[in-house]
Amino acid sequence: MPLRAAVAVLLLTAACAGDSEPTPPAQRGRGLVAQVASYEPLVGDDNRLIVGLLTEDNLFVSGGTATFRLAFLGEQGGVPQEAGQAEATFLPILEPGVAQAPPRPSVGSPSQVGRGVYSAEDVTFHEPGAWQVEVEVAIDGRLRRATAAFTVLPEPVVPAVGEEAPRTKNLTVDSAEAPPEAIDSRAATEGEIPDPELHATTIANLIERKHPFLAVFATPVFCVSRFCGPITDMVAGLAEAHPDIGFVHVEIWRDFDNQVVNKAAAEWVQTPDGGLTEPWIFLVGEDGRIVARWDNVATPQEIEPRLRDLPSPQ
Amino acid sequence: MIRSSLPRSLLALVLTASACGDGSAEPDGSTTPDHMVVSLCRSEARASNGDLAGAAAVFQDQVHARLHTFVEELQSRDRALAGKVLQAKESVETAFAGGSNPELIEFRILALRLEVEKALTATGASVPPCR
């Protein structure tokens, strides 16, 4: 499959198919829908696969664990060929007004059960092309399932683990020529650039100084993903706890109304055909190479251990 | 370019958007396209009564996902208007996250409601009054 088509399919990736069992009348509208939230599954064995699970009437399934059963559909799609399974844990999106995730998979509104995605680590995809994940959860003692199709790419489009980080000269608080909202989209509503510590220096400068850093590419105001959360706030919290590591927020939009993407964001997360996925988080070591990356949904619990593993800067 | 009537796809999106539960575990059966506005009114009223947790719950359960779906469609028709709605939404979320006082939160929800109403009007949809 040509890369452009693959990316298009991936961006449109989603859903569906309800329960494998007939839905009793009392649970009408509560069949499950799975939505693959990973932006860029790759051939190889170190994928993080994240999948959101909702009911047909848009309540969230949150908490506990799920089983992912993977199947390869082939280049053009076709009869599923079983390709293993993985255990997934729930990753909560933490925000005000949202409940803590329950210990077991539960159905409810965000204020009742929270919202988030199920995540499996070290998932292997042996072939590029169309794949399918069947997600199974036990809710109230009954197994419920949903499937979703997605595309596995042969090669990364967005900078990947092991690659050299682009030496990007992102906007900072000192970029006098840029409107404040191009530095952080929240500046337009908050009257000043929030989290100035995330906008203090450039990625190019950190690489030059061999200083490990974490960069978040996100648009706090203009995110339209169903799984949007306060990811930049979360990164600001990490920055406070890890003063030895550099932290950078790169705003996606230079001018949202006119669809102008910031050059720095384009260098990392825009595809050759103009496609765009966000948010992304990248962890870069002192050698300037990408150590880890997270797409769409990320939690401090996933990132913290990787920050602690980084050698201290000289 | 703004069209004079609500596009069918936008109507469908709003009709199918998001969920139930009004923050007090009561299922909410309303599926009218103006439900988002009614929910914003409800969230505003709770903030006005000092019930910030209730206001946040209504916002999360009945407004947040619908708003994302609504804006996703709106931005292909009037991106500037979509941007204004998202900015107003972010102001509400910032106020909730920062534990702002009820008056400020109420004001910001009102500001968001006005932006949503403006967007609905621009797309030819009817706007219900706050009840």
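Just so it is clear, the model here is predicted, and its values are computed rather than measured.

Reading the values: rules and limits
- Residues numbered from 1 in each chain as written.
- Chains lettered and ligands numbered in written order.
- Predicted model: local features only at pLDDT ≥ 70, side-chain atom pairs only at ≥ 80, totals over all residues.
- Helix = DSSP H or I, 4+ residues; strand = E, 2+ residues; numbered from the N terminus.
- Expected span 1.5 Å × (residues − 1).
- Buried ≥ 20, exposed ≤ 12 C-beta atoms within 10 Å, placed from the backbone.
- pLDDT = per-residue confidence, 0-100.
- Contact = placed C-beta atoms within 7 Å.
- Axes fitted to C-alpha atoms, helices over the stretch in contact; angles between N-to-C directions.
- Left-handed = near helix turned anticlockwise from the far one by under 90°.
- Nonpolar A, V, L, I, M, F, W, Y, C, P; charged D, E, K, R; others polar.
- Pairing = 2+ DSSP bridges.
- Core = buried A, V, L, I, M, F, W, Y, C linked by C-beta atoms within 7 Å.
- Parallel < 35°, antiparallel > 145°, perpendicular 65-115°, else oblique.

## Observations concerning helix α2 (residues 35–48) of chain B
Residue and element names in this part refer to chain B.
Phase 1: Across its 14 residues, α2 extends 20 Å between first and last C-alpha, which sits within 8% of the 20 Å expected from 1.5 Å per residue.
Phase 2: The buried fraction of α2 is high, at ten of 14 residues.
Phase 3: When α2 is considered as a whole, its buried residues turn out to be H35, M36, V37, S39, L40, R42, S43, E44, R46 and A47.
Phase 4: Just past α2, the residue G50 takes up positive phi, approximately 85 degrees.

## Observations concerning the confidence of the model for chain B
Residue and element names in this part refer to chain B.
Phase 1: Chain-level pLDDT for chain B is 77 on average; 75% of the residues reach the 70-or-more range.
Phase 2: Considering each helix and strand of chain B separately, the mean pLDDT is smallest for helix α1 (residues 8–16), with a value of 32, and largest for helix α5 (residues 102–122), with 95.
Phase 3: Note that residues 1–32 has pLDDT below 50 and, in this model, 67 contacts with residues that lie over four places away or in other chains.
Phase 4: Confidence metrics for the complex model read pTM 0.85 and ipTM 0.81.

## Some remarks on the packing of helix α6 (residues 231–241) of chain A against helix α8 (residues 300–309) of chain A
Residue and element names in this part refer to chain A.
Phase 1: With their axes 11 Å apart at the nearest point, α6 and α8 run at an angle of 35 degrees to one another. Relative to α8, α6 is oriented so that their crossing is right-handed. Across from M234, G237 and L238 in α6, the residues of α8 making contact are P300, I303 and L307.
Phase 2: Counted by class, the contact of α6 with α8 contains five nonpolar, one polar and no charged residues.

## Side note on the pairing of strand β15 (residues 290–295) of chain A
Residue and element names in this part refer to chain A.
Phase 1: In terms of residue burial, β15 counts as a mostly covered element, since five of its six residues are buried.
Phase 2: Sheet topology places strand β14 (residues 280–284) next to β15; five bridges connect them, and they run antiparallel. Paired with I281 across the strands is W294, a residue of β15.
Phase 3: What sits between β14 and β15 in their antiparallel hairpin is a turn of five residues, with G288 showing a positive phi close to 80 degrees.

## Side note on the environment of A:V221
Phase 1: Within the secondary structure layout, A:V221 lies in the loop between β10 (213–218) and α6.
Phase 2: Accessibility expressed as a C-beta count within 10 Å gives 26 for A:V221, which makes it buried.
Phase 3: The spatial distance from the C-alpha of A:V221 to the C-alpha of A:F256 is 9.9 Å, given a sequence separation of 35 residues.
Phase 4: When neighbours within four sequence positions are excluded, A:V221 is seen to be in contact with A:S185, A:R186, A:T189, B:L86, B:Q87 and B:E90.

## Quick notes on the nonpolar core
Phase 1: In this structure, A:V51, A:L53, A:W131, A:V133, A:V135, A:A215 and A:F217 are the most contacted members of the largest nonpolar core, which totals 118 residues.
Phase 2: In terms of residue count, helix α3 (residues 52–74) of chain B provides more of this core than any other element does, eleven residues in total.
Phase 3: In this structure, A:F217 is in contact with A:V250, A:I252, A:A265, A:W268, A:V269, A:E278, A:P279 and A:W280, ignoring residues within four places of it in sequence.

## Considering the packing of helix α4 (residues 79–97) of chain B against α5(B)
Residues and elements named next belong to chain B.
Phase 1: Packing of α4 against α5 leaves a shortest axis separation of 9 Å and a crossing angle of 160 degrees. With respect to each other, α4 and α5 are oriented roughly antiparallel. For α4 against α5, the interelement crossing comes out left-handed. Where α4 approaches α5, its residues L81, K84, V85, A88, K89, S91, V92, A95 and F96 are matched on the opposing element by L104, I105, R108, I109, A111, L112, E115, V116, K118, A119 and A122.
Phase 2: The residue makeup of the contact of α4 with α5, split by class, is 14 nonpolar, one polar and five charged.

## Things to note about the interface of chain B and chain A
Phase 1: Chain B puts 25 residues into the contact, and the matching count from chain A is 25 residues.
Phase 2: Listed by contribution, the elements that provide at least two residues to the side of chain B that touches chain A are α3 and α4 of chain B.
Phase 3: No other element matches the ten residues that α4(B) contributes to the side of chain B that touches chain A.
Phase 4: Residue classes in the side of chain B that touches chain A are distributed as twelve nonpolar, nine polar and four charged.

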